[in-house]
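# Descriptive structure summary
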Amino acid sequence: MVLSDLLTEDLIIPDLKGSTRDEVMEELVDRLQRAGALRNREEYVKALYEREEQGTTGIGFGIAIPHGKSAGVIEPRVAFGRKPEGIDWNSMDGEKAKLIFMIAVPEEQAGNEHLKILQALSRKLMDDSFRDSLLHAKTKDEIVSLIQTM
Amino acid sequence: MKLLAVTACPAGIAHTYMAAEKLERTAKQLGIEIKVETQGSIGAENVLTPDEIAAADGIILATDKGIDKERFVGKPVLECSVADAIKKPQELILAFKEGNVPVYPPVSAGNKEEKTEFSPRQPRSQHPVYRSLMNGVSYMIPFVVIGGLLIALALGIGGEPTAKGLMVPENSFWYPLLKVGEASFLFMVPILSGFIAYNIADRPGLAPGLIGGYIAANGSFYGSEAGAGFIGGIIAGFTAGYLAKWIKSLKVPKMLQPIMPILVIPIVSSVLVSLLFIYVLGAPIADLMTGLTDFLKSMQGSSKILLAMILGAMIAFDMGGPVNKVAFMFGAAMIGEGQTFIMGALAAAICTPPLGMGLATLLSRQKYEKEEREAGKAALAMGLVGITEGAIPFAAADPLRVIPSIMVGSITASVIAMASQVTDSVPHGGPIVAVFQAVGNVPMFFAAIAVGTLVTAILVNLLKKPVS
């Protein structure tokens, strides 16, 4: 599986409206729901917040990867949003999160699928120029084609 | 030049791979070959083979959790934090080019371990002693949960009150389950001790720790009626671990080096830690038990409330260890003399440590590791059936905050029960004895348990800080 199978164009928000973590989470969850990835929105949101409670998913470098595994998810999906001004995500390095990847994985896919996705993302995001391109891509199409390179 | 690396972060989700990617990219830029093993939550991937290790010019260990370093003995090893590998991979790699990386294990004059300039920043909660304790506790928890829940189930459904305590008849369906549970409990202290030692000294520490823990938990080795309990296990674990680590640091002739990790270190450490228990710590434990028993006998006739306080404190202090056993056996003996009020106080005190810790994990989730929260749920079930051991994982992980809290909770429960003339005619504790109609003044028995549980939970959560 490659990331672009899961992160399709309709799941990309080039300019997030929200200015807090919770608002941004809502926006991204909305997209996942509209894309038909969710069976039970509340359950998935609960899983997201439980994960954040265990420790922030703000992994540094201006990136946050909120993720939840829940029976409320029908099939694995990733939503992506940008916020050039940054959002406070309690990141480990204190930097604000500008690139947010939200990952949804169904409960029954208990195995490693979402870990594999997270792993591929984490690796790709270490590429400074990739991060930069993502942040500065002017159009949605540009973002889509960047993601296809993963 | 060919380098190897291992990356591992506690969660094993993102940073392990970020560090791996950084090292690989940087090495490529510098024209250096590198292979990185990742130890994430998926498990170890891209595992380094013995041949690759033998052929490598050096190894970078970018880890924030304990990993097995034994396979790198004799190679230049640079240890650093995961963050270092992400932030300054170039410096790490170039250190090998400049040839200023010490061969593992570092040979040092004193006991101090040589630190490279890349030594990981250690947050307070990552104090090595704490880390070793948590390592032991996390391996011990399944044994406590399996043992506690099976015993609870067997006693709760198949148990019958007798003069010797709650018993499960041998021909009952529940009897084998009880035995399985007891078998699991048998491993509890050795596993705790073994994995404390493993965390300190890597693989050579494991066997001495397990053996030391087994001996600590079995009083028969040193003529004591009870073993040294989990506190003895912690002592055995640290002793075995530091012994093994110390022997590892000794300079030995090259010819002996290959047999050090599998022969010399484990045998010498095992024998030393065992002899320490048998000859040095064992006798005082046996004496302590005799002394405490005499002391309790002498307390009879003096203030009942004072006696209740002492009994409550003893029950909670080491949960199944020698001090706890003395109090319990004293109460059991007093039933025979018709003084069932002593067991009444004990029965309330016995269950508040697991009930209180279980409640505490529900009240303040952020103050407990995930495993501890799971253990908390199991502790609640164990508390209902009077298995004090349910609180051991918490006490072993953070003794200085947890033990005083559960002692105060048990004292509270014990005093309330004693003052309101609660009695118990079966030598066993927890709400279950009331179900078996062995308790006199049931409402106050439950009131004592409820107040003791609340006091324990509130106190321990006041003392504990959120986990990082």
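Procedures and definitions
Residues numbered from 1 in each chain as written. Chains lettered and ligands numbered in written order. Predicted model: local features only at pLDDT ≥ 70, side-chain atom pairs only at ≥ 80, totals over all residues. Heavy atoms only, no water. Domains from an automatic or database assignment. Contact = heavy atoms within 4.5 Å. Salt bridge = Lys/Arg side-chain N within 4 Å of Asp/Glu carboxyl O. Polar contact = N/O pair within 3.5 Å; in protein donor to acceptor, adjacent residues only side chain to side chain. Nonpolar A, V, L, I, M, F, W, Y, C, P; charged D, E, K, R; others polar. pLDDT = per-residue confidence, 0-100. Axes fitted to C-alpha atoms, helices over the stretch in contact; angles between N-to-C directions. Helix = DSSP H or I, 4+ residues; strand = E, 2+ residues; numbered from the N terminus. Parallel < 35°, antiparallel > 145°, perpendicular 65-115°, else oblique. Left-handed = near helix turned anticlockwise from the far one by under 90°. Buried area = accessible area lost by both parts, 1.4 Å probe.

### Concerning the domain arrangement of chain B
Residues and elements named next belong to chain B. In terms of domain boundaries, chain B breaks down into domain 1 (2–121) and domain 2 (128–463). The straight-line distance from the C-alpha centre of domain 1 to that of domain 2 is 39 Å. Between domain 1 and domain 2, the residue contacts involve 8 residues of the former and 9 residues of the latter. Note that Glu 70 and Lys 248 form a salt bridge whose closest N and O atoms lie 3.7 Å from each other. Viewed at the interface, domain 2 and domain 1 are joined by 3 residue pairs in polar contact (both at pLDDT 80 or more). A breakdown of the residues in the side of domain 1 that touches domain 2 according to their chemical character gives 3 nonpolar, 1 polar and 4 charged.

### A few points about the confidence of the model for chain B
Across chain B, the average pLDDT comes to 87, with 95% of residues at or above 70. Across residues 108–125 of chain B the pLDDT falls below 50, and counting only partners more than four positions away or on other chains, this stretch makes 27 contacts in the model.

### Some thoughts on the packing of helix α6 (residues 174–201) of chain B against helix α8 (residues 229–249) of chain B
All names here are of chain B. At their nearest, the axes of α6 and α8 sit 7 Å apart, and the two run at 30° to each other. Classified by the interaxial angle, the pair formed by α6 and α8 is roughly parallel. Crossing angle aside, the handedness with which α6 passes α8 is right-handed. For the contact of α6 with α8, a count of residues per class yields 13 nonpolar, 5 polar and 2 charged.

### Things to note about the interface of chain A and chain B
Each partner contributes to the interface: chain A provides 18 residues, whereas chain B provides 18 residues. Buried surface at the junction of chain A and chain B, both sides included, amounts to about 1600 Å², of which 62% is carbon and sulfur. Its largest share of buried area at the contact with chain B, chain A owes to Gln119(A), Arg123(A) and Met126(A), together 37% of the area lost on that side. Linking chain A to chain B there are 5 salt bridges. Note that Arg25(B) is salt-bridged to Asp127(A), the shortest N-O span being 3.4 Å. Inspection of the region where chain A meets chain B yields 6 residue pairs in polar contact (both at pLDDT 80 or more). Sorting the residues of the side of chain A that touches chain B by element identifies α3 (41–54) and α4 (113–124) of chain A as the ones contributing at least two each. A class-by-class count of the residues in the side of chain A that touches chain B yields 7 nonpolar, 5 polar and 6 charged.

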